[in-house]
Amino acid sequence: MKKTTIWLLFAIMSVSFVALLFLQVGYMREIATMRKMQLEESVRRALYEVAHKVELEEARQYLERDIAEMQRSNPPVNPFGGSFSRTFVLPNGSSFSIQQDIMPQSQMPSLQMPRPNQDSNRSVEETIRNRQQDMLKRYLANRALVDEVIYSMLNTAGERPLHQRIDYTFLANELMAEFKDNGIDLPFHYVVTTTSGRIVYSCDCDDFDPNNLKASYSQTLFRNDSPNRMGILRVYFPTLDNYIDSSVGFMLPSLIFIVVLMVSFSFTLIVLVRQKKITEMKNDFINNMTHEFKTPISTISLAAQMLNDEAVTKSPNMFRHISGIINDETKRLRFQVEKVLQMSMFERRSNTLKFKELNVEELINGVVNTFAIKVENCGGAINLDFEAENPFVMADEMHLTNVIFNLMDNAVKYKKEDDALQLDVRTWNEQNKLIISIADNGIGMRKEDLKRVFDKFYRVHTANRHDVKGFGLGLAYVKKVVTNHKGTIRAESEFGQGTKFIITLPLNIE
């Protein structure tokens with residue numbers, strides 16, 4: 001799969017997942033908004049009914065008290081005669097009284113059926129007409145009396161303080177009943193305040209907080225009164241957020257699954273990209289290995305053919321020279337195979353390190369003595385600077401020697417063509433650690449190469465040239481050995497300025 005195809009697939013799937021996630025969040029937000037709007041409508045409807053019932057309850061109580069006062073101030077009508085009176089106070093402060101005489105029953109005219117005569121039909125019509133007029137007069141008079149009673153009640157009731165006009169037990173019961181009838185089964189707190197915000201009454205709740213009134217629902221009480229006599233009923237639901245969130249709780253699993261799928265897809269794509277890079281590096285490794293093996297095999301084959309020549313066999317010097325070539329190329333071939341096998345053994349962890357106490361400075365001296373000829377042939381020099389007071393560590397001599405050798409060999413491979421190689425090797429101690437530094441003045445590395453220089457099969461761009469030998473396993477092997485010695489290794493480099501490898505190993509302190 002091409003790299004462009006992978007990135008195109010990643011872009012399409014990313015946009016799809018983000019759009020799906022955005023739609024899912026939008027649906028959840030819309031459901032929560034609708035749930036909140038439905039609750040608000042139900043709460044406002046319930047509060048309106050409660051306010052209306054509070055006003056009716058006040059009127060009922062006032063009428064009961066007024067009737068009781070009327071009965072106390074005006075005794076029952078004496079059937080044997082007498083009179084009664086009633087005084088009404090108008091809203092403007094004036095008053096009037098109604099007095100009526102009661103005729104004794106003995107003096108009341110008896111009701112006798114009219115005798116039938118020729119004018120009976122006309123008398124019936126007049127009687128009906130007279131009765132209708134009397135009832136109309138009585139209705140108008142009684143209505144005026146009732147209106148005066150209502151005016152008097154409103155004038156008197158409005159003068160009382162707000163906390164005396166409300167039965168708070170009745171208010172709490174009506175709130176619970178109306179909320180239940182409207183399908184609201186939530187705990188609530190309520191207060192009654194004046195229009196100016198002064199709290200007149202609050203419910204007896206342990207967790208009541210007056211600061212939460214800003215998020216409450218309000219309803220005007222006695223809305224037909226003047227503004228300074230009105231009241232405000234405020235209701236607050238402490239678990240409102242949980243109630244709203246529960247309406248979208250059933251969508252959370254789908255949201256989680258979308259996120260899991262998005263993460264899984266991203267992880268799969270990252271693995272795919274890494275595998276593609278590993279495949280490319282392995283292909284490069286195979287190409288380099290083929291080239292590395294092809295040269296010594298061709299040389300050995302050519303030398304073997306020359307040995308079949310009688311002229312070569314008759315010349316001892318030529319025979320020894322050709323035998324030496326075969327021997328050198330065989331060693332070279334065996335060395336390349338061993339490098340691959342060493343990394344393979346470390347990957348399977350089948351290789352056991354043989355630790356013993358080593359003087360690292362003596363080990364480095366031995367490698368430098370072996371490597372000095374190769375560096376001098378390149379026109380370079382090796383500078384040693386041993387400053388470690390304690391150079392002893394517990395290490396595997398063979399593998400630690402290979403580490404130093406590989407780092408020096410890389411310095412030779414990646415030297416500048418026009419400059420003489422300068423290889424600086426230093427040692428010093430820091431906090432019970434032994435530090436080994438191997439620096440060169442070679443071509444250096446870019447930052448993107450520096451991050452992956454210890455990966456298997458990875459080689460910088462210049463390493464793909466056929467004049468630089470190797471499989472891309474040397475530094476991976478170095479890091480594996482240092483890690484198994486409980487040490488660390490890092491690289492510092494600038495392109496065109498050279499490279500420095502710094503190894504840190506624990507000291508052997510007894």
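Residues numbered from 1 in each chain as written. Predicted model: local features only at pLDDT ≥ 70, side-chain atom pairs only at ≥ 80, totals over all residues. Heavy atoms only, no water.

### Side note on the overall build of the chain
Then, in step 1: Secondary structure assignment for the chain yields 12 helices and 13 strands.
Then, in step 2: Across the 510 residues of the chain, 34% fall into the buried class.
Then, in step 3: For the chain, the computed accessible surface area is about 32800 Å², with 55% contributed by carbon and sulfur atoms. (Helix = DSSP H or I, 4+ residues; strand = E, 2+ residues; numbered from the N terminus. Buried < 20%, exposed > 50% of the residue type's maximum accessible area, 1.4 Å probe, protein only. Areas by Shrake-Rupley, 256 points an atom, 1.4 Å probe, with all protein chains shown as cover.)

### Remarks on unusual backbone geometry
Then, in step 1: You will see that Phe222, though not glycine, has its phi angle at about 55°, which is positive.
Then, in step 2: Mapped onto the elements of the fold, Phe222 is located in the loop between β5 (217-221) and β6 (231-236).
Then, in step 3: Residues other than glycine seldom take positive phi values, yet Gln431 does so here, at roughly 50°.

### Observations regarding the packing of aromatic side chains
Then, in step 1: Following the criterion strictly, the structure yields eight aromatic pairs and no others.
Then, in step 2: Here the aromatic rings of Phe179 and Phe188 are separated by 5.1 Å at their centres, their planes lie at 85°, and the arrangement is edge-to-face.
Then, in step 3: You can call Phe188 buried: its relative accessible area is 18%.
Then, in step 4: Consider the rings of Phe454 and Phe501, whose centres lie 6.3 Å apart with planes at 75°: the pair is edge-to-face. Of this pair, Phe454 sits in the loop between α11 (447-450) and α12 (474-484) while Phe501 sits in strand β13 (residues 498-506); the two residues are 47 residues apart in sequence, bridging distant segments of the chain. An identical accessibility class is assigned to Phe454 and Phe501; each is buried.
Then, in step 5: The structure contains a cluster of three or more aromatic residues connected by ring pairs, namely Tyr168, Phe179, Phe188, Tyr190, Tyr201, Tyr217 and Phe237.
Then, in step 6: Cation over ring: Arg35 sits above Tyr243, and NZ or CZ is 4.3 Å from the ring centre. (Phe/Tyr/Trp six-rings, centres within 6.5 Å; stacked < 30°, edge-to-face > 60°. Lys NZ or Arg CZ within 6 Å of the ring centre and 35° of its normal.)

### Let's talk about the side chain of Thr499
Then, in step 1: Topologically, Thr499 is positioned in strand β13.
Then, in step 2: In this structure Thr499 touches Ile438, Ala439, Asp440, Gly444, Met445, Glu492 and Ser493, once residues within four positions along its chain are discounted. (Contact = heavy atoms within 4.5 Å.)

### A look at the sheet that holds strand β3 (residues 189-194)
Then, in step 1: On the basis of which strands lie adjacent, the open sheet formed by four strands has the order β4-β3-β6-β5 and antiparallel pairing. Both outer strands of the open sheet, β4 (199-202) and β5, are each paired with one neighbouring strand and no more. Pairs of neighbouring strands in the sheet enclose a mean axial angle of 20°, with direction left out of account.
Then, in step 2: Where β3 meets β4, three bridges bridge the pair, whose relative direction is antiparallel. Bridged to Val191 within β4 is Ser202.
Then, in step 3: Against the sheet, helix α4 (residues 168-181) engages β3, β4 and β6, with an angle of about 130° to β3. (Pairing = 2+ DSSP bridges. Axes fitted to C-alpha atoms, helices over the stretch in contact; angles between N-to-C directions.)

### Digging into the environment of Glu389
Then, in step 1: With respect to the secondary-structure elements, Glu389 resides in the loop between β8 (381-386) and β9 (392-396).
Then, in step 2: What makes Glu389 exposed here is its relative accessible area of 78%.
Then, in step 3: The sequence separation of Glu389 and Asn429 amounts to 40 residues, and the corresponding C-alpha distance is 6.8 Å.

### With respect to helix α10 (residues 397-413)
Then, in step 1: Along its 17 residues, α10 runs 24 Å from first to last C-alpha, staying within 8% of the 24 Å computed at 1.5 Å per residue.
Then, in step 2: Across the 17 residues of α10, 12 count as buried, placing the element largely inside the fold.
Then, in step 3: For α10, the set of buried residues is His399, Leu400, Asn402, Val403, Ile404, Asn406, Leu407, Met408, Asp409, Asn410, Ala411 and Val412.
Then, in step 4: Sitting at the amino-terminal end of α10 is Asp396, which places a side-chain oxygen 3.1 Å from the backbone nitrogen of Met398. (Expected span 1.5 Å × (residues − 1). Polar contact = N/O pair within 3.5 Å; in protein donor to acceptor, adjacent residues only side chain to side chain.)

### Some words on the pattern of salt bridges
Then, in step 1: Taken as a whole and judged by the stated rule, the model has nine salt bridges.
Then, in step 2: One salt bridge in this structure joins Lys413 and Asp409, with 3.6 Å as the shortest N-O distance. Here Lys413 and its partner Asp409 are both found in helix α10, four residues apart, which amounts to about one turn of the helix.
Then, in step 3: By relative accessible area, Asp409 is classed as buried at 11%.
Then, in step 4: Via salt bridges that share partners, Lys53, Glu174 and Glu178 belong to a single interconnected network. (Salt bridge = Lys/Arg side-chain N within 4 Å of Asp/Glu carboxyl O.)

### Here we look at helix α9 (residues 360-377)
Every α-helical turn comprises 3.6 residues, leaving residues that sit three or four positions apart pointing alike.
Then, in step 1: The end-to-end C-alpha distance of α9, which contains 18 residues, comes to 26 Å, matching closely the 26 Å that a straight helix rising 1.5 Å per residue would cover.
Then, in step 2: Most pronounced at Phe371, the bend in α9 amounts to some 45°.
Then, in step 3: On its buried face, α9 is in contact with β7 (355-359), β8, β9, α10, β10 (422-429) and β11 (433-439).
Then, in step 4: Sitting at the amino-terminal end of α9 is Asn359, which places a side-chain oxygen 3.1 Å from the backbone nitrogen of Glu361.
Then, in step 5: Just downstream of α9 lies Gly379, where phi reads positive at about 80°. (Bend = angle between axes of the 7 residues up to and from the residue.)

### So, the nonpolar core
Then, in step 1: In terms of nonpolar packing, the biggest core is built from 39 residues, with Ile404, Leu407, Met408, Ile436 and Ile503 touching the most fellow members.
Then, in step 2: Leu39, Phe188, Tyr217 and Leu240 belong to the second largest nonpolar core, which has 34 residues in total. (Core = buried A, V, L, I, M, F, W, Y, C linked by side-chain atoms within 4.5 Å.)

### Some points on the sheet that holds β8
Then, in step 1: Spatial ordering of the open sheet is given by β8-β10-β11-β13-β12, a layout of five strands whose pairing is mixed. This sheet does not close on itself; its edge strands, each paired only once, are β8 and β12 (488-494). The mean inter-strand angle of the sheet, taken between neighbouring strand axes irrespective of direction, is 15°.
Then, in step 2: Docked against the sheet, α10 engages β10, β11 and β13, running at close to 170° with respect to β13.
Then, in step 3: α12 rests against β12 and β13 of the sheet, and its axis sits at about 140° to β12.

### Remarks on the confidence of the model for the chain
Parts of the prediction with low pLDDT should not have their coordinates interpreted in detail.
Then, in step 1: With 75% of its residues at a pLDDT of 70 or more, the chain has an overall mean of 76.
Then, in step 2: The least confident element of the chain, judged by mean pLDDT, is strand β2 (residues 95-102) at 46; the most confident is β11 at 92.
Then, in step 3: Note that pLDDT drops below 50 for residues 76-84; the model gives that stretch 21 contacts with residues more than four away or on any other chain.
Then, in step 4: Counted against residues more than four places away or in other chains, residues 463-468, with its pLDDT under 50, gives nine contacts. (pLDDT = per-residue confidence, 0-100.)

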